[in-house]
Amino acid sequence: MPRTTAPRRSSIGDVARLAGVSVGTVSNVLNRPDRVAQATRDRVLDAIQRLSFVPNASARQLRAGTITTVGAIVLDIRNPFFTEAARGVEDRLALADHTLMLASSDDDPEREARYLRLFEEHGVSGLLVVPTGDDLGPLLALAGRGVHTVLLDMPSPTDAISSVAVDDVAGGRMAGEHLLDLGHREILMLNGPHAIRQCRDRLAGLHRAVERRGLDPDVVVREVRIPSLDAGGAATAFAALLDEDPAPRAVFCVNDLVAVGVQREIRRRRPELLGRTAIVGYDDIEIAAELATPLTSVRQPAYEVGYRAADLLLSRDADGNPVRDHVVFQPELVVRSSSVLA
């Protein structure tokens with residue numbers, strides 16, 4: 001099979017040769033056109049058009065000492081919460097003529113470390129990171145090397161790294177109080193690994209709601225951890241629970257994708273339980289209100305989280321130093337028919 005090669009990209013030298021000028025003159029046309037005579041400028045612009053030349057922004061930024069690319073690492077970009085947060089990041093960066101490089105760690109510390117290294121090698125101006133665990137050593141090391149970092153969707157335990165997060169303990173408490181108010185005294189929580197801070201905090205909030213009612217979390221709460229925080233992982237785990245007698249009647253899901261998997265599995269295997277099983281999700285993603293049984297969910301301001309994190313990353317004090325701050329948003333319970341049963 002013949003080997004193919006990508007077409008060579010035109011260089012600034014090609015433009016200079018075609019226009020019959022120096023490389024410096026082409027650079028002036030691109031960056032300081034007022035310094036070049038109109039006739040020469042027209043010749044250079046004509047050569048640029050004929051060669052379809054696109055300036056190398058990375059090289060120009062390096063020469064100028066200003067980098068306008070920001071890196072972001074989230075747990076899973078397939079999760080609509082992170083998609084919406086990334087949109088908030090992108091919109092804020094666009095106001096400052098910055099661009100975003102986005103990656104998913106898939107909750108894998110090694111994959112996270114690889115992206116951290118790659119982003120640093122690319123010379124990004126800053127990083128937004130949803131950490132895979134509690135060890136902030138690599139991020140602190142990056143900060144020590146001058147890479148400004150903001151934790152996204154996680155409160156920072158140190159002033160060396162800024163953060164923007166949502167109070168997930170409060171969110172878990174809201175979900176628990178809602179199910180308790182409906183009379184449930186046995187609550188199943190479909191949760192993820194405790195290495196993920198959000199999973200720990202949402203469970204802690206559920207326990208707090210139970211304790212405030214004078215009840216024992218060890219009696220009221222049953223936690224089942226699932227390997228993947230998506231609809232498929234939830235459906236697989238919940239299938240076995242549906243065979244129990246009685247099947248769960250109140251389910252708190254660590255996120256809305258998990259709740260979708262629970263609803264799907266009930267509809268597939270035990271449709272008679274659809275109106276008898278209270279389900280609460282978390283995140284309030286866009287489709288939550290559009291499901292066949294609209295989903296009760298704890299709403300997180302995902303877009304605002306991303307926007308504020310990017311704003312904090314770009315902020316500088318009067319001396320030009322990065323602004324350090326810790327921002328915590330409050331969640332909101334949105335009640336729909338998935339939990340308020342007929």
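Residue positions are given per chain, counting from 1 as you read along its sequence in written order. Local features are withheld for residues below a pLDDT of 70 in this predicted model, meaning they are given only at 70 or higher, and side-chain atom pairs are given and counted only at 80 or more; totals for whole chains, interfaces and linings count all residues. Excluded from the side-chain calculation are hydrogens and water; included are all heavy atoms of the structure.

Where a domain begins and ends is set by an automatic assignment or by a domain database. Segmenting the protein into domains produces domain 1 (12-63), domain 2 (67-166 + 302-330) and domain 3 (168-300). Taking the mean C-alpha position of each, domain 1 and domain 2 sit 35 Å from one another.

The tendency in soluble globular proteins is for nonpolar side chains to be buried side by side. By convention a nonpolar core is built from buried Ala, Val, Leu, Ile, Met, Phe, Trp, Tyr and Cys residues, the set being connected through side-chain atoms within 4.5 Å. For every residue, the accessible area obtained with a 1.4 Å probe (protein chains only) is divided by the maximum for its type, and the residue is called buried under 20%, exposed over 50%, and partly exposed between those limits. Leu128, Ile187, Leu190, Phe238, Phe252 and Val262 are the most contacted members of the largest nonpolar core, which has 61 residues in total. Under the scheme used here, helices are H or I runs from DSSP no shorter than 4 residues and strands are E runs no shorter than 2 residues, and both carry numbers assigned from the N terminus. Considering every element that reaches this core, the biggest residue donor is helix H13 (residues 302-314), with six residues. Three or more residues apiece are contributed to this core by two domains, here domain 2 (67-166 + 302-330) and domain 3 (168-300). Membership of the second largest hydrophobic core comes to 14 residues, among which are Leu116, Leu127, Val147 and Ile161.

Take the sheet that holds strand E6 (residues 187-191) next. If DSSP finds at least two bridges between two strands, the strands pair. Ordered in space as E7-E6-E8-E9-E10-E12, the six strands form an open sheet in which the pairing is mixed. Of all strands in the sheet, those with a lone pairing partner are strand E7 (221-225) and strand E12 (332-334), marking the two edges. Looking at each pair of strands side by side, their axes are set apart by 20° on average, direction ignored. Across four bridges, the pairing between strand E9 (residues 278-283) and strand E10 (residues 296-299) is parallel. Bridging across to E10, Tyr282 finds its partner in Val298. Across the face of the sheet, helix H11 (residues 231-242) comes into contact with E6, E7 and strand E8 (250-253) while running at roughly 155° to E6. Here the axes come from fitting lines to C-alpha atoms, over the contacting stretch only for helices, and the angles between their N-to-C directions go from 0 to 180 degrees. The contact criterion used throughout is that any non-hydrogen atoms of two residues lie within 4.5 Å.

Attention now goes to the sheet that holds strand E4 (residues 148-152). The strand order across the open sheet formed by six strands is E2-E1-E3-E4-E5-E11, and the pairing between neighbours is parallel. For this open sheet the edge positions go to strand E2 (99-104) and strand E11 (326-329), each flanked by a neighbour on one side alone. Each neighbouring strand pair of the sheet contributes to a mean axis angle of 15°, computed without reference to strand direction. Note: strand E3 (residues 126-129) against E4, four bridges, orientation parallel. In the strand pairing of E4, Leu128 is matched with Val150. In this fold H13 packs onto strand E1 (69-74), E3, E4, strand E5 (162-166) and E11, with an angle of close to 165° to the strand it touches most, E4.

A separate point is the packing of H11 against helix H12 (residues 256-269). Running from N to C, H11 and H12 point in directions that differ by 45°, and their axes come no closer than 7 Å. Classified by the angle their axes make, H11 and H12 are oblique. With respect to the hand of their crossing, H11 and H12 are arranged in right-handed fashion. Counting all contacts with H11, which are made through Ala231, Gly232, Ala234, Ala235, Phe238, Ala239 and Leu242, the residues of H12 involved are Leu257, Val258, Val260, Gly261, Val262, Arg264, Glu265, Ile266 and Arg269. Considered class by class, the residues forming the contact of H11 with H12 number 11 nonpolar, two polar and three charged. Oblique is the label for every angle not falling under 35 degrees (roughly parallel), over 145 degrees (roughly antiparallel), or within 65 to 115 degrees (roughly perpendicular). Throughout, a crossing is termed right-handed when the near helix is turned clockwise from the far one, and left-handed when it is turned anticlockwise from it by less than a right angle. Three residue categories are used. Nonpolar comprises Ala, Val, Leu, Ile, Met, Phe, Trp, Tyr, Cys and Pro, charged comprises Asp, Glu, Lys and Arg, and polar comprises the others, including Gly.

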